[in-house]
Protein chains: 4
Amino acid sequence: MFFETVQTEGLAHLSYVVGRGSCAAVIDPRRDVDIYLELARAHGARIIHIFETHRNEDYVIGSTELAKKTGASIYHGHAFDFGYGEPVRHGDVFELDSLQLEVLETPGHTDESISIVLRDTDAGSSPLMVFTGDALFVGDVGRTDFYPDRPEEVADALYQSIHEVLLPLGDQVILCPAHGAGSVCGSGMADRNFSTLGYERAHNPKLQLSRDELVRQKVQEHHPKPPYFEKMEAVNAAGPETGREIPLPIPLDADAFAAAMEVGAWVVDVRSPEALSGALVPGSLGIPVGMLATYAGYFLPYDRDLLLVAETAEDRERAVRSLYRLGYDRVTGYLAKGLHAWSTSGRPYHTIPAVSVHELIERRERKEQGMLLDVRSAEEFESGHWPGSTNVPMADLLERLEDVPVGTPITTFCGSGQRAVVAATILLRHGHDEVGVCLGSMAACKAAGCPIESDR
Amino acid sequence: MFFETVQTEGLAHLSYVVGRGSCAAVIDPRRDVDIYLELARAHGARIIHIFETHRNEDYVIGSTELAKKTGASIYHGHAFDFGYGEPVRHGDVFELDSLQLEVLETPGHTDESISIVLRDTDAGSSPLMVFTGDALFVGDVGRTDFYPDRPEEVADALYQSIHEVLLPLGDQVILCPAHGAGSVCGSGMADRNFSTLGYERAHNPKLQLSRDELVRQKVQEHHPKPPYFEKMEAVNAAGPETGREIPLPIPLDADAFAAAMEVGAWVVDVRSPEALSGALVPGSLGIPVGMLATYAGYFLPYDRDLLLVAETAEDRERAVRSLYRLGYDRVTGYLAKGLHAWSTSGRPYHTIPAVSVHELIERRERKEQGMLLDVRSAEEFESGHWPGSTNVPMADLLERLEDVPVGTPITTFCGSGQRAVVAATILLRHGHDEVGVCLGSMAACKAAGCPIESDR
Amino acid sequence: MFFETVQTEGLAHLSYVVGRGSCAAVIDPRRDVDIYLELARAHGARIIHIFETHRNEDYVIGSTELAKKTGASIYHGHAFDFGYGEPVRHGDVFELDSLQLEVLETPGHTDESISIVLRDTDAGSSPLMVFTGDALFVGDVGRTDFYPDRPEEVADALYQSIHEVLLPLGDQVILCPAHGAGSVCGSGMADRNFSTLGYERAHNPKLQLSRDELVRQKVQEHHPKPPYFEKMEAVNAAGPETGREIPLPIPLDADAFAAAMEVGAWVVDVRSPEALSGALVPGSLGIPVGMLATYAGYFLPYDRDLLLVAETAEDRERAVRSLYRLGYDRVTGYLAKGLHAWSTSGRPYHTIPAVSVHELIERRERKEQGMLLDVRSAEEFESGHWPGSTNVPMADLLERLEDVPVGTPITTFCGSGQRAVVAATILLRHGHDEVGVCLGSMAACKAAGCPIESDR
Amino acid sequence: MFFETVQTEGLAHLSYVVGRGSCAAVIDPRRDVDIYLELARAHGARIIHIFETHRNEDYVIGSTELAKKTGASIYHGHAFDFGYGEPVRHGDVFELDSLQLEVLETPGHTDESISIVLRDTDAGSSPLMVFTGDALFVGDVGRTDFYPDRPEEVADALYQSIHEVLLPLGDQVILCPAHGAGSVCGSGMADRNFSTLGYERAHNPKLQLSRDELVRQKVQEHHPKPPYFEKMEAVNAAGPETGREIPLPIPLDADAFAAAMEVGAWVVDVRSPEALSGALVPGSLGIPVGMLATYAGYFLPYDRDLLLVAETAEDRERAVRSLYRLGYDRVTGYLAKGLHAWSTSGRPYHTIPAVSVHELIERRERKEQGMLLDVRSAEEFESGHWPGSTNVPMADLLERLEDVPVGTPITTFCGSGQRAVVAATILLRHGHDEVGVCLGSMAACKAAGCPIESDR
């Protein structure tokens, strides 16, 4: 038997290849499916089954492409009308040599959510692993806010799926969820991808709650719902178009880059917060490459060409792949030789001066603080913030731009400086001209013992 | 938290890298330690702890080399007098950021055997994983035949270690043993490296036995004890010399190759059974590359230069690495351009004609079978064999060569033809001149419905 | 400036990527164009020009695919009616940053053959490199046998192209031809890919001949013209269909493999000559992977599924790629776990006993030689052969099968044993049942001092 | 025959592997010799000869390490007393299968400089390639300033070596020098590594000069002579100690990093100019990774531990390798998670605000320019500079720090902003507290049409 976990950075997405002999199955493949073909090849196996544990909102699924390339069948829950694949029902069993994959209906996150139980018939009848999709995570459970008209019902369904369907499989079962720490699909996940039902039963905070407590909590939760989710849902319901390869942006010198901007292309600068702070092309949206999966869907349009600025070819390709996974296929060019090409072309550039917490304290003492714009979530802000700062969460920034007066010096602030630098580039794009960023932000405050104000 | 399993082919050895933040530990490192450095680097971590779960008999350990390269400390059980590292005791705890590694004494396989329990203090107090060394495997338990003067005592100790120390950790604990399927350290291991204590409690055949039953079985077991084990034990007790790199054999044309043979070098031909059957250099020992870890230690001396014949550079390097892991450091040359260089040099070569089971049946009918030499173990032979065949197990072949009369046509036979081809090359080396091999062997017999005789 | 040579094994094909700044050109791309995209990416450049120096007969060109993926333009000589790209004329100049590429018409090999001269305008006006396609090679000149109705005319054109167009560029010019040693497009090429016009002027044997001598020689030359050339010409004239990816054959166990054979699939066994000699699936065509580019086009049909037997995944993928370059897109499956899977399935297999030249001598003395079938070319045979052997060149084998009597024991023979083993598998396919192969063949004869008969 | 060029970034060093059959030679190996072993392996060859064309001043040679690992002999010119290897003389010939390598004495750059001519005896007697070391480059000739007491004599020797020894080999000879564009060993080299003696004869500007003109020019040239040259000369004369592997720095969190700084370690920040501008650890020396080979030797001590700050693991490893090539073996740690770890630790950081040329113009109009410090060479400065700027070349910066008044706001300036940012970090290290950098610098000035003052 072979078993491989494929982690997708940024999305914190986990997919799996499992097989024995010359047969393999893939659970929840991402859009760039080359990795699954490669793993199947390494094990000398052919992918024959593909499972979608639920309709995904946060990325373009790879099932249709993978099915086209391998001839495998796609299976998903029956309680949703997918435009592709075959619906399956509780108790359906699929074979992989002497392994068995059994479908369990585990609604809650979505109505059609399924889990897949793996048994090794060579060894015994007990379940060995379970692929739980977005029902049960390591340290958390799935979000249940996709049916705003019946929040209690779906939260209750999730409780039942976990406590009456999954946990009874036994403490010995290895847990294989669809997301790990950092995903937008849950907030309390552990930083490890290794657990068992028994371990979760004992230590997952959400599994310590009574039915009522869990429902109450779930109903009150707030999860980010970036605008691109809607597109993902539509694409994944219909089944993504196959044969669309990862874009191959072309190198552009500063002139060609500027010309492409002139005719409407957007610039996405994926360099580090420090490099963005140092200098950037006016008008760029700055999102460090590791944050693209989380923030591209808030700020980038699907109907424009996208141009990249990156430090290295590797980062550029990570960016292209990250964007591709979210359905952005119009990444047409990049700035050859990076920002250096721009600065030596004699064109103006913007800077976002970095402001340490020590400098913030001095400015505050000098009464020259300007506006300190904290872009963390309301929950984070409430739990402790810089005295006198203003909270406009990243997710709301575009709609609440009028709350950030043009003309005032602004310093952006967040948990560590990363979201803050993204926000700073957005402000610059929208006409602000004196924007600094507190690299370090709240983490530095705490470490340095700065005064923190709390609403609690 | 990160966790990586390093599988070593042939040895079926499993070692582990586990860590969080910038700290990592390695459990049971193999001799070629580059992989651990690479994994630590990939996770941005520094290796600070190295654990030896027991003194190893089947390969050269990598702890001393890894400690030298990283500055990490080496820990091992106190019930043996190692020439390096620090002894640890039941209950000792080591930290890796917020992970905890606790030592459990689990004697049985060897007196000083320890297991290491991993806890994630961020999540809770329950054990999450356990590294069991050669105490408990997936589907089997460790061998207990290293103390021939007190077999019951150590088998009993193993029972106690498993039932009173390991299993009480809880069903939810992920099992991380030191070997997987195919190891000489156990015979009933499953083909997968994923299990939990709960799954093993339910399905591991050895865990279904009572204390007395287990002891009785263990006392009667026969395990291979290749001659090189003795050297490994000595080397690993003292601590392997550091700084000895993987050998870099040089290309030799047929003349230079023959000249090196003249002055005493041994030829190891690691090509496939079919290619060995086709043609080989007279005097070679043929061991397909994937079988080296298991058979090199029976047949190869440590005090001679070794020359390789391989199909590809990749196979050559796999062979060099496999031999290096067993302590063979004198791999000095290889036949450039492979067997082709030899055959075109005008030198004679041997062949080992392949004989299918269909041909065997015909020969038998014609009474021209010659000697059918079955080199499987006595247990395998007894459970079913070709009528009239002679059993000389591989492990005994060198001592029992006089049982194989020179002058008689011989066809070697085994489970599938792989051991048989190794045996055929040994017979050719020792003066036999009419040796064929039954590619397919018992597997083909069963599939083709040939008559099989059983002693049971 | 960057400059990269892409060598294609087997075809002995050379293609080139050259560029400066963010612009690159590719000369004579092969079908699997990923390597050009990769090289362009590594240099931060975009491919904007693609040159076809002549219509190719020996492989599927990659220009159309590469143009589709990059948006580059394709250029070729105007004296042929291609179904794609743009015709260019003597003196046309293309720019790559400060590099210049000038077209020279150099007919002879084909009417529309062009060469491309590279100048570096940063340094001076002299030519620096020339891409000569199949006009001028290192140590040889192009073949001129594609216009059987006007052989003198085209040979004369080649003389003129070389002596009046290419050599006058100057001794200092670096030579970049479309083929290296081992190509079917010439027979006298040196084993190195590095030369200059001056070096060739002094040492290329064909450049030492007078106009009349060269024409006379060229008219008398015989070059292999495998049946697939016709298909290649048609495909390359029209422009290969784009978007057809490299096939991804699926693993088949012995049963599925046999079933696919039943319904008409051909088996291509790409293992080494020794392994083919050891055992092979009855009915297979054996062509060691490195020989596929040369011999697949003689023996393999385009209208059948092809199944592979290979030793390793790497060899399998080399085989798939080699076949893909010749337009074989129906490589649908492979024998999972290789020949071992077949022999253990209990099915019969064939062997091709290896016969050394020493054994041949003994057999001859015993008058038991059977038929010694030498499959080298007539020229090779005439220059020296085993006494009493029969010559049927590989290229004619299928048409002359009746010259090889069924029922007689046959030993195949060639230069070193490699072609001989291919021929042996063909004989087995066509009903011969006692076929051996002389591994070593003529090379071994010469090295061992065997008697050789010559017709000269 | 095989031939591979190994380019070493930063050093702009070129070394070569050439061979035929199973023999190979390496010319001028760098310190990290793994690449040569890898290339030899890929060609199935053994390295038997190593040539040092001259004693190198700019990097630690790899000959002793490579000889130890392969058993090859090292050869060098006899006119210097090396502590290792064998001296060779004009006309000595070494064989590699059917290739010949002939030694030519070509003094000038150094007294003992040799060139190596390659002939292919299979093809003819003419030279095919020549390895010229630092005698003749593509577009330039070697520097001759290492014998300050006899400048004319060595310049004259160089003229004679080129015109009377090298060029007479013939226009057809491919040129293989020891350096390419960007090296500190010459200033006029072309950006390509492909040329021939004929091409250079026609277009190399230095080869158009008469004997007297060349001598006159050479005597007046100024080349950088970084302080580390002296150490390199001593190390390379004696023969570098073998067995010293590339350092493996360990990850340090901000606390451990700061602690190491406390006890004397130096911080080298190898991030991009923009990222350095954004934020840096106080006290760091900033040298972007691609500039390390050129500038580390000016500013870094050999007797201190070095700590790295890098954006990615790849950059960190490039930095370690670059430093290792210059003999820096004490790279002991790096800042885990990069600058982010520092800023979130609550520690202060420095910034170097980027100032565009447009901002410079405004400041000048506002009379707020402060000191504009141009760190280009005197020649560059004289050929055109910003009005009112002060020139202190990078090479002299440490000695002339008193020319840069503490307390004055300073903006550093150079050709494009890269050297300027290095200089800025040096000023910050030495107590300046208001230092900006003109990203773009002179290149931007020219592109944007800013006023430029020239001393010519």
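For the structure itself, consult the block above.
First things first, this report covers the structure right here in the doc. (Residues numbered from 1 in each chain as written. Chains lettered and ligands numbered in written order. Predicted model: local features only at pLDDT ≥ 70, side-chain atom pairs only at ≥ 80, totals over all residues. Heavy atoms only, no water.)

**Some thoughts on the interface of chain A and chain D**
Here is step 1: Facing the 31 residues of chain A at the interface are 31 residues of chain D.
Here is step 2: For chain A, the biggest contributors to the area lost against chain D are E274, H340 and Y349 of chain A; these three give 24% of the whole.
Here is step 3: Counting across the chain A and chain D interface gives zero salt bridges.
Here is step 4: Among the secondary structure elements, those contributing two or more residues to the side of chain A that touches chain D are α8 (273-278), α11 (338-344) and α15 (441-448) of chain A.
Here is step 5: Residue composition of the side of chain A that touches chain D, by class: 13 nonpolar, 14 polar and four charged. (Contact = heavy atoms within 4.5 Å. Buried area = accessible area lost by both parts, 1.4 Å probe. Salt bridge = Lys/Arg side-chain N within 4 Å of Asp/Glu carboxyl O. Helix = DSSP H or I, 4+ residues; strand = E, 2+ residues; numbered from the N terminus. Nonpolar A, V, L, I, M, F, W, Y, C, P; charged D, E, K, R; others polar.)

**A few points about the sheet that holds strand β1 (residues 2-8) of chain B**
All names here are of chain B.
Here is step 1: The strand order β1-β2-β3-β4-β5-β6 describes an open sheet built from six strands, whose pairing is mixed. In the strand order of this sheet, the two ends are held by β1 and β6 (86-88), each with one partner. The average angle at which neighbouring strand axes cross in this sheet is 25 degrees, direction not considered.
Here is step 2: Where strand β2 (residues 13-20) meets strand β3 (residues 23-27), five bridges bridge the pair, whose relative direction is antiparallel. Following the sheet pairing, V18 is matched in β3 by A25. (Pairing = 2+ DSSP bridges. Axes fitted to C-alpha atoms, helices over the stretch in contact; angles between N-to-C directions.)

**Here's the deal with the relation of the copies chain B and chain A**
The two chain copies are related to each other by a rotation about an axis together with a translation along it.
Here is step 1: Of the two same-sequence chains, chain B is brought onto chain A (RMSD 0.0 Å, axial shift 0.0 Å) by a rotation of 180 degrees. Both copies are brought into coincidence by an operation consistent with a two-fold rotation axis. By C-alpha distance to the rotation axis, the residue of chain B lying nearest is Q172 of chain B, at 2.4 Å. (Least-squares fit on C-alpha atoms with pLDDT ≥ 70 in both.)

**A look at the interface of chain B and chain A**
Here is step 1: Between chain B and chain A, the residue contacts involve 23 residues of the former and 23 residues of the latter.
Here is step 2: Here chain B meets chain A over a buried area of about 2000 Å², counting both sides, of which 60% is carbon and sulfur.
Here is step 3: One can count four salt bridges joining chain B with chain A.
Here is step 4: Salt-bridge contacts for D191 of chain A lead to R20 of chain B; the nearest nitrogen and oxygen are separated by 2.6 Å.
Here is step 5: Along the contact surface separating chain B from chain A lie ten residue pairs in polar contact (both at pLDDT 80 or more).
Here is step 6: At the level of secondary structure, the elements contributing two or more residues to the side of chain B that touches chain A comprise β10 (127-133) and α4 (197-203) of chain B.
Here is step 7: Looking at the side of chain B that touches chain A element by element, the count peaks at four residues for α4 of chain B. (Polar contact = N/O pair within 3.5 Å; in protein donor to acceptor, adjacent residues only side chain to side chain.)

**Thoughts on helix α7 (residues 254-262) of chain D**
Residues and elements named next belong to chain D.
Here is step 1: Listed in full, the buried residues belonging to α7 are A254, F257, A258 and A260. Looking down the long axis of α7, one finds its buried residues gathered within 160 degrees of arc, a one-sided arrangement. Those residues of α7 that are exposed and angled more than 90 degrees off the buried face are D255 and E262.
Here is step 2: Each element contacted by the buried residues of α7 is listed here: β14 (250-252), β15 (266-269), β17 (306-309), β18 (331-335) and α11 (339-343).
Here is step 3: G264, located one to two residues past α7, shows a positive phi value of around 110 degrees. (Buried < 20%, exposed > 50% of the residue type's maximum accessible area, 1.4 Å probe, protein only. Arc of directions from axis to C-beta.)

**Description of a negative patch on the surface**
All names here are of chain A.
Here is step 1: Among the surface-exposed residues, E379, E382, E453 and D455 lie close enough to one another that they form a single negatively charged patch.
Here is step 2: Locating D455 in the fold gives a position in the segment after α15.
Here is step 3: Residue D455 is classed as partly exposed on the basis of its relative accessible area of 49%. (Patch = residues over 30% accessible without salt bridge, like charges linked within 9 Å, V, L, I, M, F, W, Y side chains within 5 Å. Areas by Shrake-Rupley, 256 points an atom, 1.4 Å probe, with all protein chains shown as cover. Lys, Arg positive; Asp, Glu negative; His and termini not counted. Charge placed at Lys NZ, Arg CZ, Asp CG, Glu CD.)

**Overview of the relation of the copies chain A and chain D**
Here is step 1: Structural alignment of chain A on chain D gives an RMSD of 0.0 Å, achieved by rotating through 180 degrees and translating 0.0 Å along the axis.
Here is step 2: A shared interface surface links the copies, since 100% of the contact residues of chain A are contact residues in chain D too.

**Topic: the pairing of β10 of chain B**
On any regular strand, side chains alternate: one points to one face of the sheet, the next to the other face.
All names here are of chain B.
Here is step 1: Within β10, seven of the seven residues are buried, leaving the element largely enclosed by the surrounding structure.
Here is step 2: Examined bridge by bridge, strand β9 (residues 114-120) and β10 share four bridges and lie antiparallel to one another. Bridge pairing in β10 places V117 opposite V130.
Here is step 3: Between β9 and the antiparallel strand that follows it, β10, lie six residues.

**Brief notes about the pairing of strand β21 (residues 410-413) of chain B**
Residue and element names in this part refer to chain B.
Here is step 1: Side-chain alternation along β21 places I410 and T412 on one buried face and T411 and F413 on a second face that is also buried.
Here is step 2: Pairing geometry for β21 and strand β22 (residues 435-437), over three bridges, is parallel. What sits directly across from T412, in β22, is V437.
Here is step 3: In the classification by handedness, the crossover that spans β21, the intervening helix α14 (residues 418-429) and the parallel β22 is right-handed. (Right-handed = clockwise from strand over helix to strand, strands pointing away.)

**Some thoughts on the packing of helix α3 (residues 151-166) of chain D against helix α5 (residues 211-220) of chain D**
Residues and elements named next belong to chain D.
Here is step 1: Where α3 contacts α5, the two axes come as close as 9 Å, and the packing angle between them is 135 degrees. Between α3 and α5, the angle falls in the class oblique. Here α3 runs over α5; the crossing is right-handed. Touching P151, E152, A155, D156, L158, Y159, Q160 and E164 of α3 are R211, L214, V215, K218 and V219, all from α5. (Parallel < 35°, antiparallel > 145°, perpendicular 65-115°, else oblique. Left-handed = near helix turned anticlockwise from the far one by under 90°.)

**Digging into the sheet that holds strand β20 (residues 390-391) of chain C**
Paired through their backbone hydrogen bonds, the strands of a sheet run either parallel or antiparallel.
All names here are of chain C.
Here is step 1: Spatial strand order, β20-β19-β21-β22: four strands in an open sheet with parallel pairing. Two strands close off the open sheet at either side, each with one partner strand: β20 and β22 (435-437).
Here is step 2: Bridging between strand β19 (residues 371-374) and β20 involves two bridges; their strand directions are parallel. In the strand pairing of β20, L373 is matched with T390.
Here is step 3: The strands that helix α14 (residues 418-429) touches are β19, β21 (410-413) and β22; relative to β21, the one it contacts most, it runs at about 145 degrees.

**A short note on helix α6 (residues 228-238) of chain D**
Residue and element names in this part refer to chain D.
Here is step 1: All of the buried residues along α6 are Y228, F229, M232, N236 and A237. Down the axis of α6, the smallest arc covering the buried residues is 165 degrees, so these residues share one side. For α6, the exposed residues lying more than 90 degrees away from the buried face are E230 and A238.
Here is step 2: In this fold, the buried residues of α6 make contact with α9 (292-299).
Here is step 3: Where α6 ends, the next residue or the one after it, G239, has phi of about 100 degrees, a positive value.

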